[in-house]
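The chain contents come next:
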Amino acid sequence: MAKRDYYETLGVERGASEAELKKAYRRLAMKHHPDRNPDDKSAEEKFKEANAAYEILSDASKRAAYDQYGHAGVDPQMGGGGGGGGNGNFSDIFGDVFSDFFGGARGGSRGGAQRGSDLRYTLELDLEEAVRGTTVTIRVPTLVSCKPCDGSGAKKGTSPITCTTCGGIGQVRMQQGFFSVQQTCPRCHGNGKMIADPCTSCHGQGRVEEHKTLSVKVPAGVDTGDRIRLTGEGEAGSLGGPTGDLYVVVNVREHAIFQRDGKHLYCEVPISFADAALGGELEVPTLDGRVKLKIPDGTQTGKMFRLRGKGVAPVRGGGAGDLMCKVTVETPVQLNKRQRELLEEFRGSLLGDTAHSPKANGWFEGVKRFFGDV
């Protein structure tokens, strides 16, 4: 039976580049590989054809001979110079296809002790605790080394034995169609050892789940998102590997009075209409207690007063921030008869006199200009 043209087999033009040849071969090899098409003789034949075609066309000298003489130029049985066990390019493409089939684990790697996973714990704190620092006790679920077997996974008095599947090598050689490949041993997972008599406490895992109670010292000045690292308090490693770490992540709860922005604190201070107009002295809260705040006469709502050093000293050092007090002038409600009379008298005294309302005066002038009244 006459052989198909190699270019036709790969589905490329005669002037195809090396990259195009490689791409075409990979596509066909993946599609017709025997492992993907068990008991399909047609797919197996197409896989063989693609291998033969790529082996010739990926070699510059063989391709030149094939282009000039056809199959006669590369077939040993017809006097050509073909045959042999492939070349560097074919080896490369084989590696690519192998990676696609076996997850890139060519050759494998012997397993062994592995570090335990790091853990995360979210710690809720009040603002006062975060600013001043505190010590808290937390309870964390984790995996710890099994004490009865000392983390080996083998029943007390026994030891892991050499894996009967790979003979202690950690890898096994498997036949994948026409390829003989080496993979990580599925039984011992590359460790070379297996548990013949598992520990009854951990069932051969070497680790058990347990809750640990830990004391955490929280430094003063921490804020939401800050992390405290507890070295070696994470999950126990497997097969004697080192223990992971525990990261305690701070989350500061909302406060009833203060809002925090870095090292500064903010709060709103409601004041009466009379205090805003006449001025006065108010007590305002800080994290260190009450302090006096002087309000000048004519204070408008939204006015910000700064109390220096009454904020937060950052955990990473530096001076304490400030407390910013924003004044909110409150309109009086639920007035009695006498209070209403006084306010009516006051309002009457202001009629026609806008000097007492600086913003209103400017606003009304702007309205007049808008409507062309001036």
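Parameters at a glance
- Residues numbered from 1 in each chain as written.
- Predicted model: local features only at pLDDT ≥ 70, side-chain atom pairs only at ≥ 80, totals over all residues.
- Heavy atoms only, no water.
- Axes fitted to C-alpha atoms, helices over the stretch in contact; angles between N-to-C directions.
- Helix = DSSP H or I, 4+ residues; strand = E, 2+ residues; numbered from the N terminus.
- Parallel < 35°, antiparallel > 145°, perpendicular 65-115°, else oblique.
- Left-handed = near helix turned anticlockwise from the far one by under 90°.
- Contact = heavy atoms within 4.5 Å.
- Nonpolar A, V, L, I, M, F, W, Y, C, P; charged D, E, K, R; others polar.
- Disulfide = S-S within 2.5 Å.
- Buried < 20%, exposed > 50% of the residue type's maximum accessible area, 1.4 Å probe, protein only.
- Patch = residues over 30% accessible without salt bridge, like charges linked within 9 Å, V, L, I, M, F, W, Y side chains within 5 Å.
- Areas by Shrake-Rupley, 256 points an atom, 1.4 Å probe, with all protein chains shown as cover.
- Salt bridge = Lys/Arg side-chain N within 4 Å of Asp/Glu carboxyl O.
- Lys, Arg positive; Asp, Glu negative; His and termini not counted.
- Charge placed at Lys NZ, Arg CZ, Asp CG, Glu CD.
- Polar contact = N/O pair within 3.5 Å; in protein donor to acceptor, adjacent residues only side chain to side chain.
- pLDDT = per-residue confidence, 0-100.
- Pairing = 2+ DSSP bridges.
- Core = buried A, V, L, I, M, F, W, Y, C linked by side-chain atoms within 4.5 Å.

Where helix α2 (residues 18-32) contacts helix α3 (residues 41-57), the two axes come as close as 9 Å, and the packing angle between them is 160°. On the basis of their axis angle, the class for α2 and α3 is roughly antiparallel. Between α2 and α3 lies a crossing of left-handed hand. Facing α2, whose interface residues are L21, K22, Y25, L28, A29 and H32, α3 presents A43, E44, K46, F47, A50, N51, Y54 and L57. Looking at the contact of α2 with α3 residue by residue, the class counts come to nine nonpolar, two polar and three charged.

Where two cysteines share a covalent bond between their sulfur atoms, that bond is called a disulfide. Inspection of the entire model under this criterion finds zero disulfides. In this model C149 remains outside any disulfide bridge; the closest cysteine sulfur is found in C146, 3.6 Å from its own. By relative accessible area, C149 is classed as buried at 6%. In this structure C163 is not part of a disulfide, and its nearest cysteine sulfur, from C166, lies 3.7 Å away. Assessed through its relative accessible area of 1%, C163 is described here as buried.

So, about a positive patch on the surface. Residues K23, R27, K31 and K46 make up a contiguous surface patch of positive charge. The dominant element in the positive patch, judged by the number of residues it contributes, is α2, at three residues. The residue K46 is located in helix α3 in this model.

With that settled, consider the packing of α3 against helix α4 (residues 60-69). The geometry of α3 relative to α4 is characterised by a closest axis approach of 6 Å and an angle of 105° between their N-to-C directions. Between α3 and α4, the interaxial angle falls into the category roughly perpendicular. Here E55, I56 and L57 of α3 come into contact with α4, specifically with K62, R63 and Y66. Looking at the contact of α3 with α4, its residues break down into three nonpolar, no polar and three charged.

Moving on to the side chain of D59. Note on placement: D59 falls in the loop between α3 and α4. We note that D59 is buried and unpaired, the nearest opposite charge coming from K62 at a distance of 5.1 Å. At 2.6 Å, the side chain of D59 forms a polar contact with the side chain of S61.

Quick look at the confidence of the model for the protein chain now. With 85% of its residues at a pLDDT of 70 or more, the protein chain shows a mean pLDDT of 83. Contacts of residues 82-110 to residues separated by more than four positions or lying in other chains number 63 contacts, the stretch itself having pLDDT below 50.

Taken in spatial order, the four strands of this open sheet run β10-β11-β15-β14, and their pairing is mixed. Of all strands in the sheet, those with a lone pairing partner are β10 (259-261) and β14 (304-307), marking the two edges. Adjacent strand axes in the sheet meet at a mean angle of 30°, parallel and antiparallel pairs treated alike.

So, on to the pattern of salt bridges. Applying the stated criterion across every chain, the model contains 20 salt bridges. Linking D223 and R260 is a salt bridge whose minimum nitrogen-to-oxygen distance equals 3.6 Å. Highlighted residues: D223 in the loop between β7 (207-218) and β8 (227-230) and R260 in strand β10, separated in sequence by 37 residues. Across the salt bridge formed by E341 and R338, the nearest N and O atoms sit 3.6 Å from each other. With E341 and R338 both in helix α8 (residues 337-350) and three residues apart, the pair spans about one turn of that helix. Via salt bridges that share partners, R115, D118, R229 and D245 belong to a single interconnected network.

In this structure, L125, I138, V216, V218, L246, V248 and C325 are the most contacted members of the largest nonpolar core, which totals 36 residues. Aside from chain neighbours lying at most four places away, what touches I138 is Y121, L123, K212, T213, L214, V216, L246 and V248. Formed by 18 residues, the second largest nonpolar core is a distinct cluster that contains Y7, A24, Y25 and I56.

Time to look at the sheet that holds strand β9 (residues 246-252). Strands sit in the order β1-β9-β8 across an open sheet of three strands; the sheet is mixed. Each edge of the sheet is formed by a strand with only one pairing partner; in this case those strands are β1 (119-125) and β8. In this sheet, neighbouring strand axes are inclined to one another by 25° on average, regardless of whether the strands run parallel or antiparallel. Across four bridges, the pairing between β8 and β9 is antiparallel. The partner of R229 across the bridge, within β9, is Y247.

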